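A structural walkthrough
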Amino acid sequence: MIDKGRARTSSYAPALFYLTRILSYGKGYIGMKRIGILTSGGDCQGLNAAIRGVCKALYGEFKDGVEIYGIHDGYRGLMDGDYHRMAPQDFSGILTLGGTILGTSRQPFKMMRVIGDDNRDKVKEMKDTYRRMKLDCLVVLGGNGTHKTANLLSEEGLNVVSLPKTIDNDVWGTEMTFGFHSAVEVATNVVDCIHTTATSHGRVFIVEIMGHKVGWLPLYAGVAGGADVILLPEIPYHIDSIAATLEARNKAGKSFSILAVAEGALSVEESKLSKKEFKAARARMQQPSISYRLAKEISEKTGQEIRVTVPGHFQRGGSPCAYDRVLSTRFGTAAAKLIKEQKYGHMVALQNGAIVPVPLGEVAGKLKTVPVDCEEILSAREIGITFGD
Ligand code: F6P
């Protein structure tokens, strides 16, 4: 294991460290706060804006009484001791930057307690790095999986404060995650562009939209883009119902149709399967994704030619939209306040328009799915959008 953060200091480092502290006595350095920050899981727009929000607010709260350490590639860097000391200028000019300046990686929660062939105890390594870095708090920016591990580390005695990020908007406890609205903009733009070509050719198009196991992103992009059919994981579809919608549109003289399909969409038959059976059925599926299977099935039923567009990771890229820049900044500054108040073990969340702390134990392991009777779905139905049910 390489402790890159430590490797960058000289062998005189411990002596120099204490000397600096002694010389700095009286300047307030004795109470120096040491904060580690990491981004984990799939990236999204607004991560850098949130990092900037946390760190600028920390400097505001503690002045020069805080040291910030950027941990590389999420929990991987915490395990490996891979980090570097950051300076105030590192947080300037990154508000509009996509991705994450700290790097990220997926470290599945279910493997955290598993000692693999490499004989590594991942939880112990993370705790060891935290202690060796003498951190007062670890700030974690992440989605669902990340929050399970954040909660685990908190239960193991580390001081953790977290921020909810993901284009999926599926983190429990917050009405909104940053990244979501930017991805909605991108996906909506795809649906808009497909609309023009679909109209010209009189074709049926499927646009497959990310969101993992929940339908927030396809719902919002579908409604915003004026899709005719929206398929969500929360509302299993009947293939006959979709075919009937398309045929009714044909009869009404509408030669084109747009289907906004969640990558996690599933049929009524599939919804009745156990998790294991569902996995096996999908493994047998010959098409690369649900949209291609749907295209084949609908085409067989209606005789219509179907085109499929999968924007994929495009939806996570680029600059955050204005809404996400503001939300990331609000979350960031709220996280810094929690650190100042030593209110650890919480995620900052948006509830009823205000930023509030929610205990990590309440967030971890829950999924915020789309309620099938939510106002967005009801109003979409009112204007004739169908959901395949
Ligand atoms: O969680 C964000 C997300 O983009 C999901 O919408 C999608 O299912 C998944 O990540 C893709 O994961 P990966 O980037 O690992 O391919």
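Fair warning: this is a prediction, and the values are worked out from it, not measured in the lab. (Residues numbered from 1 in each chain as written. Predicted model: local features only at pLDDT ≥ 70, side-chain atom pairs only at ≥ 80, totals over all residues. Heavy atoms only, no water.)

**Here we look at the domain arrangement of the protein**
Selection rule: The domain boundaries here were taken from an automatic or database domain assignment. Any two residues whose heavy atoms approach within 4.5 Å are treated as being in contact. Once two parts are brought into contact, the accessible area they lose, counted with a 1.4 Å probe and summed over both, makes up the buried area. Just to be clear on terms, a salt bridge is a Lys or Arg side-chain nitrogen sitting within 4 Å of an Asp or Glu carboxyl oxygen. Pairing of N or O atoms within 3.5 Å defines a polar contact, subject to two protein rules: one partner must be a possible hydrogen donor and the other a possible acceptor, and residues neighboring in sequence count only if both atoms are side-chain atoms. Note on residue classes: Ala, Val, Leu, Ile, Met, Phe, Trp, Tyr, Cys and Pro are nonpolar, Asp, Glu, Lys and Arg are charged, and everything else, Gly too, is polar.
Taken domain by domain, the protein holds domain 1 (4-178 + 320-363) and domain 2 (181-317). Relative placement of domain 1 and domain 2: their C-alpha centres are 37 Å apart. On the side of domain 2, 14 residues touch domain 1, which itself brings 14 residues to the contact. Buried surface at the junction of domain 1 and domain 2, both sides included, amounts to about 1,100 Å², of which 54% is carbon and sulfur. Inspection of the domain 1/domain 2 interface yields 1 salt bridge. Of the charged contacts in the structure, one is a salt bridge between Arg-316 and Asp-43, with a shortest N-O distance of 2.9 Å. The tally of links from domain 1 across to domain 2 stands at 6 residue pairs in polar contact (both at pLDDT 80 or more). When its residues are assigned to classes, the side of domain 1 that touches domain 2 shows 6 nonpolar, 3 polar and 5 charged.

**Section: the state of the cysteines**
Put simply, the test is: Defined by distance alone, a disulfide is two cysteine sulfur atoms within 2.5 Å. Each residue is placed in one exposure class: buried if its accessible area under a 1.4 Å probe, protein chains only, is under 20% of its type's maximum, exposed if it is over 50%, and partly exposed if it falls in between.
According to the stated counting rule, one finds 0 disulfides in the structure shown. With no disulfide of its own, Cys-321 lies 11 Å from the sulfur of Cys-44, the closest cysteine sulfur. Classification of Cys-321 by relative accessible area gives buried; the value is 17%.

**Considerations on the sheet that holds strand 2 (residues 66-71)**
Put simply, the rule is: Strands are treated as partners if at least two bridges between them are detected by DSSP. Secondary structure elements follow DSSP: runs of H or I no shorter than four residues count as helices, runs of E no shorter than two count as strands, and numbering proceeds from the N terminus. In this description, a line fitted to the C-alpha atoms serves as the axis of each element, helices being fitted only across the stretch in contact, and the angle between N-to-C directions of two axes falls anywhere from 0 to 180 degrees.
Pairing in this open sheet of 7 strands is mixed, and the strands run 3-2-1-4-5-10-11 from one edge to the other. Of all the strands in the sheet, the pair left with one neighbour each is strand 3 (83-86) and strand 11 (354-359). Averaged over neighbouring strand pairs, the angle between their axes works out to 30° when direction is ignored. Direction of pairing for strand 2 relative to strand 3: antiparallel, over a ladder of 4 bridges.

**Re unusual backbone geometry**
What you tend to see is this: most non-glycine residues have negative phi, and most peptide bonds are trans. Its identity is not glycine, yet Lys-134 carries a phi of approximately 55°, on the positive side. Residue position: Lys-134 is located in the loop between helix 5 (122-132) and strand 4 (137-142). Owing to a relative accessible area of 46%, Lys-134 belongs among the partly exposed residues under this scheme. For His-212, which is not glycine, the phi dihedral falls at a positive 60°.

**Some details on the sheet that holds strand 8 (residues 257-262)**
Within the open sheet, the 4 strands sit side by side as 7-8-6-9. Their pairing is parallel. The open sheet terminates on both sides in strands that have one partner only, identified here as strand 7 (229-231) and strand 9 (306-309). When the angles between neighbouring strand axes are averaged without regard to direction, this sheet yields 20°. In this sheet, strand 8 lies alongside strand 6 (residues 204-209) in parallel orientation, the contact comprising 6 bridges. Looking across to strand 8, one finds that Ile-209 is bridged to Ala-262.

**Considering the nonpolar core**
Spelled out, the test is: Side-chain atoms within 4.5 Å link the members of a nonpolar core, which is a set of buried Ala, Val, Leu, Ile, Met, Phe, Trp, Tyr and Cys residues.
Of all hydrophobic cores here, the largest spans 66 residues; its most connected members are Ile-37, Leu-141, Leu-163, Phe-178 and Phe-387. The biggest single contributor to this core is helix 3 (residues 47-62), with 9 residues. Counting the residues that make up this core, at least three belong to each of domain 1 (4-178 + 320-363) and domain 2 (181-317). Non-local contacts of Leu-163, meaning those with residues more than four positions away in its chain, are made with Ala-50, Val-54, Val-139, Val-140, Leu-141, Gly-142, His-147, Phe-178, Phe-331, Gly-332, Ala-335 and Val-348. Counting residues in hydrophobic clusters, the runner-up holds 26 residues, among them Ile-71, Met-126, Leu-152 and Val-363.

**Observations concerning the confidence of the model for the protein**
Detailed reading of the predicted coordinates is not advisable wherever pLDDT is low. Quick reminder of the rule: On a scale of 0 to 100, pLDDT captures the predictor's confidence in every residue.
Per-chain confidence: the protein averages 94 in pLDDT, with 92% of residues scoring 70 or above. Contacts from residues 5-10, a stretch scored under 50 in pLDDT, to residues over four places away or in other chains number 7 contacts.

**Description of the site of the ligand**
Quick reminder of the rule: Residue proximity to a molecule or strand is established when one non-hydrogen atom of the residue lies within 4 Å of it. In this description, accessible areas are obtained by the Shrake-Rupley approach with a 1.4 Å probe, and a residue is regarded as covered only by the protein chains that are shown.
Lining the immediate environment of the ligand, one finds Arg-106, Ile-167, Asp-168, Met-210, Gly-211, His-212, Glu-263, His-313 and Arg-316. Here His-212 contributes a backbone N or O atom positioned 3.5 Å from an oxygen atom of the ligand. In the model, an oxygen atom of the ligand is placed 2.5 Å from a nitrogen or oxygen of the Glu-263 side chain. Notes on the ligand: free accessible area 400 Å², of which the protein chains cover 72%. Of the residues assigned to the shell around the ligand, the class counts are 2 nonpolar, 3 polar and 4 charged. Lining the shell around the ligand are residues from two domains, each supplying at least three of them: domain 1 (4-178 + 320-363) and domain 2 (181-317).

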